[in-house]
Amino acid sequence: MTDALLPAPPQALEKESDSYFRKGCNPLAQTGRSRLQNQRAALNQQILKAVRMRTGAENLLKVATNQKVREQVRLELSFVNSDLQMLKEELEGLNISVGVYQNTEEAFTVPLIPLGLKETKDVDFSVILKDFILEHYSEDSYLYEDEIADLMDLRQACRTPSRDEAGVELLMSYFIQLGFVENRFFPPTRQMGILFTWYDSLTGVPVSQQNLLLEKASILFNIGALYTQIGTRCNRRTQAGLEGAVDAFQRAAGVLNYLKETFTHTPSYDMSPAMLSVLVKMMLAQAQENVFEKICLPGIRNEFFVLVKVAQEAAKVGEVYRQLHTAMSQAPVKENIPYSWASLACVKAHHYGALAHYFAATLLIDHQLKPGADEDHQEKCLSQLYDHMPEGLTPLATLKNIHQRRQLGKSHVRRAVALHEESVREASLCKKLRNIEVLQEVLSAAHRRSQLKDAQLREDDDLLDLIEAPDIVSKTEQEVEIILPQFSKVTVTDFFQKLGPLSVFSANKRWTPPRSIHFTAEEGDLGFTLRGNSPVQVHFLDPHCSAALAGAKEGDYIVSIQDVDCKWLTVSEVMRLLKACGQDGVDMKVVSLLDFTSSMHSKCATYSVGMQKTYSMICLAIGDDDKTDKTKKISKKLSFLSWGTNKNRQKSASTLCLPSVGVARPQVKKKLPSPFSLLNSDSSLY
């Protein structure tokens, strides 16, 4: 239960400049949470083995014709199914091991439900990415060994994130990096042969896919899961701790909701839209519960208006848990949601509903309308406490009549006792909840308190004046809401930025291998102008100049000059390099963009053990940007670039953006596409 860390590493490894582990990751931390995660990983492997054995037995049963063999296979299949059910129940036990994730300083607080991290298998990017760099980018792949190693190290670190903001930032940085990697190395027209395998956090069933969509979705799920673990770790005995818990659960709901809306056809049960909708409800319900605890933290004063507020806040928490339990009981979620989670949602719905009736009884019984009191205010509060008053009663008359107040208060006490008994009964029906001592203590204490108040008010003629206690209207001063993930706050550098600007040098564009061109400037005139901004393009090429005769073409991208990489250089920087070449001539390397076939589709096969095969269609949408506007007149050709006379005109021509293939007209300047826009456009089809 306590986070007992290993001895600190040597001092040299603790320096930020020479850290052994990435910030936000420490795989050697032997905490209760890490041990639980290791047990989850081991269970996943056992479930995988059992599922494979069941699949093999089912296949054998289909083809076997000998009756004795079929009977033997049926017997083995029953044993395998039994083992598989026991393993899944053991995994459910890990999912309800909420005590491991709670704050160690807390006592007598209702436990919250965190999500466990999804487990994955190791992935080797090196061979595939090296081959692609050599084939697609025509560069020496060994120059990128360090970048590939950094990518693999980052992925490995994401398997053991720390339970704090640094761990969240680590996962977010990998998620953003995947956007760069996808656009650099994963063309939409073919599979790269890298198999990503992730285990379902609820069922343990593995799912494999050969594209990054499953990888990105699983990382998003783990970001949301990590937020839930941060929320349960907060100290709920302090105001700051409760505010942190509310914020963490709202952010968890935001990440899971973003996952649901962005990746709409994930093959894993725990990331299906129906399951994610339930998980979002669960996170918001727990955030609302923390809001109630924050209001009650300073103590509940026995005052009329304070009790009205607390009663409605408790009713709000009971309402959201009632809605959550209803959602958990619907197909297909109820087949995969842990039974203990649904039971705990039902227990909390009854528990907080009982608290609402208890506080309503207290404000009616313990407070009398005294001369000089604000009758209008109390009447308004009491009328807003119910949808409608019991038959024959009015708010003001009830406040003034001691007998009516007492009878209505006693009906609320009886309702509170009944709901507390139901919560205790529901908790006793679930084996996992029976073992959570703090939950049993909280439920029993609240039940005894209501029973004591009921015994104090009980009279012989109660049955003659029985009033049905009305439902309490739920109301809160802080309505919890989804907080979307803020990826823009995480600064990430593209590991493979040496390949060039992503707007040009990406997997969905093709170009010729670099061509070496040697030419000289005649009387300071190159024979062409420059335009674009990282990388620079050859523009207005004189077909009779030295560069054209050496092989340069209109629209070529300049990638190097005198062996200096120019992919990220601006027009002015390229011009300075050209000036420095002198009379010996210019050695320049250029590439030409090739036409890319549009409207191409690719099937992405997803295989999940124990599930049917599914297919996701990824459509490459290419807009109308490449269509030539025939009605637009092309401006008069500028004179060739010279070092002195055409400097002003050269400056204006150099501010133009990179053109599309086959387009001679200028276009509006575009920014380098963000990985988020690329993620949203492609991933929404997944």
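Structure's up top.
Calculation rules
- Residues numbered from 1 in each chain as written.
- Predicted model: local features only at pLDDT ≥ 70, side-chain atom pairs only at ≥ 80, totals over all residues.
- Heavy atoms only, no water.
- Helix = DSSP H or I, 4+ residues; strand = E, 2+ residues; numbered from the N terminus.
- Axes fitted to C-alpha atoms, helices over the stretch in contact; angles between N-to-C directions.
- Parallel < 35°, antiparallel > 145°, perpendicular 65-115°, else oblique.
- Left-handed = near helix turned anticlockwise from the far one by under 90°.
- Contact = heavy atoms within 4.5 Å.
- Nonpolar A, V, L, I, M, F, W, Y, C, P; charged D, E, K, R; others polar.
- Phe/Tyr/Trp six-rings, centres within 6.5 Å; stacked < 30°, edge-to-face > 60°.
- Buried < 20%, exposed > 50% of the residue type's maximum accessible area, 1.4 Å probe, protein only.
- Lys NZ or Arg CZ within 6 Å of the ring centre and 35° of its normal.
- Salt bridge = Lys/Arg side-chain N within 4 Å of Asp/Glu carboxyl O.
- 1 Å grid on protein atoms, 1.4 Å probe; cavity = no way out; pocket = protein on both sides within 12 Å on 5 of 7 lines; lining within 4 Å.
- Points joined across faces, edges and corners; volume = space filled by probe spheres on them.
- Core = buried A, V, L, I, M, F, W, Y, C linked by side-chain atoms within 4.5 Å.
- Domains from an automatic or database assignment.
- Arc of directions from axis to C-beta.

Trainee: Explain the environment of Asp584 to me, please; I cannot follow it from the model alone.
Mentor: Note on placement: Asp584 falls in the loop between helix H17 (571-579) and strand E8 (586-591). Measuring from C-alpha to C-alpha, the distance between Asp584 and Ala521 comes to 9.5 Å, with 63 residues separating the pair along the chain.

Trainee: Explanation requested: the packing of helix H4 (residues 145-157) against helix H5 (residues 165-185) in the structure shown.
Mentor: In a packed pair of helices, the relevant descriptors are the angle between the two axes and the axis-to-axis distance. The geometry of H4 relative to H5 is characterised by a closest axis approach of 10 Å and an angle of 140° between their N-to-C directions. In terms of orientation, H4 lies oblique with respect to H5. Remark: the crossing between H4 and H5 carries left-handed chirality. Here Leu151, Leu154, Arg155 and Ala157 of H4 come into contact with H5, specifically with Leu170, Ser173, Tyr174, Gln177 and Val181. Broken down by class, the residue content of the contact of H4 with H5 amounts to six nonpolar, two polar and one charged.

Trainee: What am I meant to see in the packing of aromatic side chains here?
Mentor: Geometry of an aromatic ring pair is reported as the spacing of the ring centres plus the angle between the planes. Scanning all chains against the criterion turns up 15 aromatic pairs. Relative to Phe185, the ring of Tyr137 lies with its centre 6.2 Å away and its plane at 70°, an arrangement referred to as edge-to-face. Of this pair, Tyr137 sits in the loop between helix H3 (126-136) and H4 while Phe185 sits in helix H5, and the two are 48 residues apart along the sequence. Across the pair, exposure class does not vary: Tyr137 and Phe185 are buried alike. Through pairs of rings, three or more aromatic residues link up here, namely Phe132, Tyr137, Tyr144, Phe185, Phe496, Phe505 and Trp511. Across the ring face of Phe221, the terminal group of Lys118 is positioned such that the distance to the ring centre comes to 5.6 Å. Stacked on the ring of Tyr358, the Lys or Arg Arg449 has its end atom at 4.5 Å from the ring centre.

Trainee: Help me understand the pattern of salt bridges, please; the structure alone is not making it clear to me.
Mentor: Any two side chains of opposite charge can pair, so long as their charged atoms come close to each other. Counted according to the given criterion, the structure contains 23 salt bridges. A salt bridge links Asp247 to Arg251; the shortest N-O distance between them is 2.9 Å. Of this pair, Asp247 and Arg251 both sit in helix H7 (residues 239-262), separated by four residues, roughly a single helical turn. Given the relative accessible area of 27%, Asp247 is considered partly exposed. Exposure remark for Arg251: the relative accessible area of 19% places this residue in the buried category. For Asp366, the salt bridge identified is with Lys453, shortest N-O distance 3.8 Å.

Trainee: Whenever I open this one, the side chain of Thr228 confuses me. Can you help?
Mentor: As for its placement among the helices and strands, Thr228 is situated in helix H6 (residues 212-233). A relative accessible area of 0% means that Thr228 is categorised as buried. Sequence-distant contacts of Thr228, that is, excluding residues within four places in its chain, are made with Pro114, Leu115, Phe249, Ala252 and Met283.

Trainee: Is there a simple way to think about empty space enclosed by the protein in this case?
Mentor: Unfilled space is identified by rolling a water-sized probe across the atoms. Counted according to the given criterion, the structure contains two cavities of 30 Å³ or more. In this structure, the largest cavity spans a volume of roughly 50 Å³. For the largest cavity, the full set of lining residues is Ile113, Met282, Gln286, Tyr321, Leu324, Met328, Trp341, Leu344, Ala345 and Lys348. The set of elements that each furnish at least two residues to the lining of the largest cavity consists of helix H8 (273-296), helix H9 (304-328) and helix H10 (339-365). Take the lining of the largest cavity: its biggest share by element is four residues, from H10.

Trainee: What should I look at first to understand the nonpolar core in this one?
Mentor: As a rule of thumb, nonpolar side chains are buried together in soluble globular proteins. Judged by nonpolar contacts, the single largest core of 134 residues is most densely connected at Phe185 and Phe496. Built from parts of two domains, this core gets at least three residues from each of domain 2 (300-478) and domain 3 (510-591). Ignoring sequence-local partners within four residues, the contact set of Phe496 consists of Leu129, Tyr144, Glu147, Ile148, Leu151, Val181, Arg184 and Phe185. By size, the runner-up hydrophobic cluster in this structure holds 24 residues, among which are Phe528, Ala548, Ala552 and Val571.

Trainee: What exactly am I supposed to notice about the environment of Ala521 here?
Mentor: Structurally, Ala521 can be placed in the loop between strand E3 (515-519) and strand E4 (529-531). Ala521 sits in the partly exposed class, given a relative accessible area of 30%. A C-alpha to C-alpha distance of 7.8 Å links Ala521 and Gln583, two positions 62 residues apart in sequence.

Trainee: Hey, could you run me through H3 in this one?
Mentor: In an α-helix, one turn spans 3.6 residues; hence positions three or four apart end up facing the same way. Every buried residue of H3 is accounted for by Ser126, Leu129, Lys130, Phe132, Ile133 and His136. All buried residues of H3 project into a common sector of 165° when viewed along the axis, lining one side. Turned more than 90 degrees off the buried face of H3, the exposed positions are Val127, Leu134 and Glu135. Just downstream of H3 lies Ser138, where phi reads positive at about 55°.

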